[in-house]
Every structure is written in C-alpha cells, then in structure tokens.
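Per-entry structural report
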Amino acid sequence: MINDPLLINDWHPVATTSQFNSQPIISVRLLGEDIVLWKSGNQYMAWQDLCIHRGSKLSGGKIVGEYLQCPYHGWTYNSDGLCVKIPAHPEQTPPTKAKVKTYLAKEKYDMLWVCLGKPANDIPPFPEWEENGYTWAVCDPIKNVPAHGPRIIENFLDAAHFPFVHEGVLGDQNHPEMEDFNVSIGANGIESEPVYIYQPAQYGTTDGGKVSYVYRAFRPFTAHMTKHVPEGWWGKDAPSATHGLMLTLTPHDELDTTVWFLISSTMWTDPEVLQHEYTKRITDIFEEDRAIVMSQRPELLPLDLQAELHLKSDRVAIAYRTWLKQLGLNFGTA
C-alpha cells in the first residue's frame, strides 16, 4: 500500500453503483492495494482482494447467497470478512484468524467510495448535487491516466489556460485577460472568489462574453467548480444557467489514475441526456488537458513556491499548493 497517511485516511471513488447491476464482483486497485468490491444484500463491501488460505484473488470468485466464495478452494466469507465454510472440511469450524482484511465503503453521488484507513473527514461535499432545479449525472470515467493526482487537480483549478488549451470552446486567445480575484484557505479546503473569463458562446448563438467560475478544493484529490452563465449568453432571451462540476480521482498507483467528473446543471432535465452529452464534452476537454499535464516537468507538483514563477492569475494554484503543504501530502508532490 502507498504509505501516505493523508490519502489512506481519506475517501476515494472506486466505482459507480450502477456497475454492480451487470458486474456483481468488481476488482479495483487503490493506493497500491488490490480491492474486491461486492454486495451482500444491500450492503457494499470493500475487502483486500486476497483469500487468507492460499492468497488467490477473491474477485475471481462468486457470490453465494450473501457470502463471497473463493475461486481456489471454495472458502466462503460472510459480510464481516469471516470465513464460515471450508468445503474440504465441512465439519471443521474455521479458525478465527481466517478473516479477510476489510475496508470502509460508502455510497454517495451514485458512486462507491472507499477508505483504507480511519476517515479523517466525510466524503467531499458537492454543493449542487440533488439541489432543486438541477439535474445530475456521473460521466464515464477516464481511465489509465499516467499522471500524478496533484498535477491533474491543479490543472482543473487553472482558468488562465482556457484561451490556449481549449480555444474556441472555453476560451479565446483574443481575450486572454483575467480580472483580479482572491482565494481563501479554510477548514473545508480552498475557495476562490468568482473568476471571470471570456468564453465564446457554444453553438454560435452569440459572440460570447464573460462567464464566472468559483473554484474549490475540498480534499487533495477532489476539486469542484461552479460555473455561472449570465442571461443572454446562449442567445437572445436565453436564461442564465449554473453548472456544478466535481473532479475526483482514483489513485491506483503512483502513475495510474482514473479521472471522474460529476456534473449537476440547471440546463438539462433528463439525466441520461446530460450524462451522454457531458461525457463526450468533458472527455474531449480532458484529452487536451492530458497532453499538457503529461508534458509538465517535474512530474511531481512542487510545493515550494520558489520552484516556479507565479502571477496573480495563479492564485488558485498557489493556494492549492500552500494547502497541500499544510496538510502534509507526500504522494505526487515534490
């Protein structure tokens, strides 16, 4: 297991709850640990993917009633991880040490979250999730991203790159300027004042204009932004709209990350349409970001503010690095 207490004692997304409809047993890797996910009745389980008998992977087994059976010798475990049956010796009571290592699992935002240690905080908040007037969805995950989590998060918190990395969608090189803003560090992480940036209007309905973003980082690997589009931005008499977007990561190994985007919006009323439309949009945008993040050196995020140059437009990134240093994050940082 990757030895970073801050991450071990935090919650991480590992799967969508809908995955269990077609895949009752799921194998994942989290912080260098192989995990088996399954359900006993309505209860989600997250265990070390290791049979205590001969070390085979339990994720290759099957669910028998409300028990998980190992594929090698059929040892069968209950929801507490205790072996309750050894088929080769049906008359024998399994020893008490025949117990799988179990972890905490919680369902939230249509996702399953796992903590490998003792959670220091609850699952990160999502201010717009299930709010009146919003429709929400979990986008398809972006897998096998060979980058460190802090670099991915910091890129998400940076609006100044929009005119150059996402020109024509999120920015315009003819309007790269940014107004001044402040960022605060508090008990719930970091939060910016509204960050205004010029964006070309989608679908060519208008010439575009300034939209606002409020950036937050609730946990080292979970960031959030609220984007507000003013009235008329989409076209004549078009209403204003607000989007909440959460970026959260599954750190499998040092250079293997799955990226999740969760969207909540006032513009859509059908969650399936929102999920389909935004998965394509956010995946296209992230692929442009991926090329930049993969090119950055050092690969680890420098927490020493003297290591790189910073401007006023970098205040969210400066706050994020300062906060990570205060928290004592080691994984993915220099």
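Cut-offs used in this document
- What you see as residue numbers is a count from 1 along each chain, following the sequence as written.
- Note on the predicted model: pLDDT of at least 70 is required for a residue's local features to be given, and 80 or more for side-chain atom pairs to be given and counted; whole-chain, interface and lining totals, by contrast, use all residues.
- Side-chain metrics in this entry use all non-hydrogen atoms of the structure; hydrogen atoms and water are not considered.
- The secondary structure listing takes helices from DSSP runs of H or I that are at least 4 residues long and strands from runs of E that are at least 2 residues long, numbered from the N terminus.
- In this treatment the radius of gyration is a C-alpha quantity, and the globule benchmark scales as 2.2 Å times the residue count to the 0.38 power.
- For every residue, the accessible area (1.4 Å probe, protein chains only) is compared with the maximum for its type, and the residue is labelled buried under 20%, exposed over 50%, or partly exposed between those bounds.
- What makes two residues a contact is simply this: any of their non-hydrogen atoms within 4.5 Å.
- Counting rule applied: Lys, Arg positive; Asp, Glu negative; His and chain ends not counted.
- By convention, charge coordinates are those of NZ in Lys, CZ in Arg, CG in Asp, or CD in Glu.
- Expected helix span is taken as 1.5 Å per residue step, with the number of steps being one fewer than the number of residues.
- Between any two strands, at least two bridges found by DSSP are needed for them to pair.
- Simply put, an axis is a line fit to the C-alpha atoms, just over the touching stretch for a helix, and the angle between two N-to-C directions goes from 0 to 180 degrees.

1. Here's the deal with the overall build of the protein
Across its full length, the protein holds 5 helices and 19 strands. Scaling as 2.2 N^0.38, a compact globule of 334 residues should have a C-alpha radius of gyration of about 20 Å, and the protein matches this with 22 Å. Dimensions of the protein, computed from the C-alpha atoms along their principal axes, are close to 80 × 45 × 35 Å. Across the 334 residues in the protein, those meeting the buried criterion constitute 51%. For the protein, long-range pairs separated by at least 24 residues make up 58% of all intrachain contacts whose partners lie at least 6 apart in sequence. Positive and negative side-chain charges of the protein, numbering 27 and 41 respectively, have mean locations separated by a distance of 8 Å.

2. Some words on helix H5 (residues 315-327)
Between the first and last C-alpha of H5 there are 18 Å, a value that for 13 residues agrees with the 18 Å anticipated at 1.5 Å per step. Within the sequence span of H5, burial applies to Val316, Ala317, Ala319, Tyr320, Arg321, Trp323 and Leu324. Lining the buried residues of H5 we find helix H2 (149-156), strand S13 (183-186), strand S14 (189-192) and strand S16 (209-219). Within two residues after H5, Gly328 carries a phi angle of roughly 90 degrees, on the positive side.

3. Regarding the sheet that holds strand S8 (residues 83-85)
Read from one edge to the other, the open sheet built from 4 strands follows the order S5-S6-S7-S8, with strand pairing classed as antiparallel. With one partner strand each, in any of the chains shown, strand S5 (62-64) and S8 form the two edges of the open sheet. In terms of strand pairing, strand S6 (residues 67-69) meets strand S7 (residues 76-77) through 2 bridges, oriented antiparallel. Each residue of the ladder has a partner; that of Leu68, found in S7, is Tyr77.

4. Side note on the sheet that holds strand S2 (residues 25-30)
In spatial order, the strands read S1-S10-S9-S4-S3-S2; together these 6 strands make up an open sheet with antiparallel pairing. Two strands in the sheet have a free side with no partner beyond their single neighbour: strand S1 (12-16) and S2. If you compare each strand with its neighbour and ignore which way they point, the axes differ by 30 degrees on average. Summarising the sheet, strand S9 (residues 102-108) and strand S10 (residues 111-115) pair through 5 bridges and their orientation is antiparallel. Counted as the bridge partner of Leu104 is Cys115 from S10.

5. Topic: the pairing of S16
Here S16 lies mainly inside the structure; 10 of its 11 residues are buried. Bridge analysis of S14 against S16 gives 2 bridges, and the strand direction is antiparallel. The residue bridging Glu191 from the neighbouring strand is Arg216, located in S16. Where strand S15 (residues 195-199) meets S16, 5 bridges bridge the pair, whose relative direction is antiparallel.

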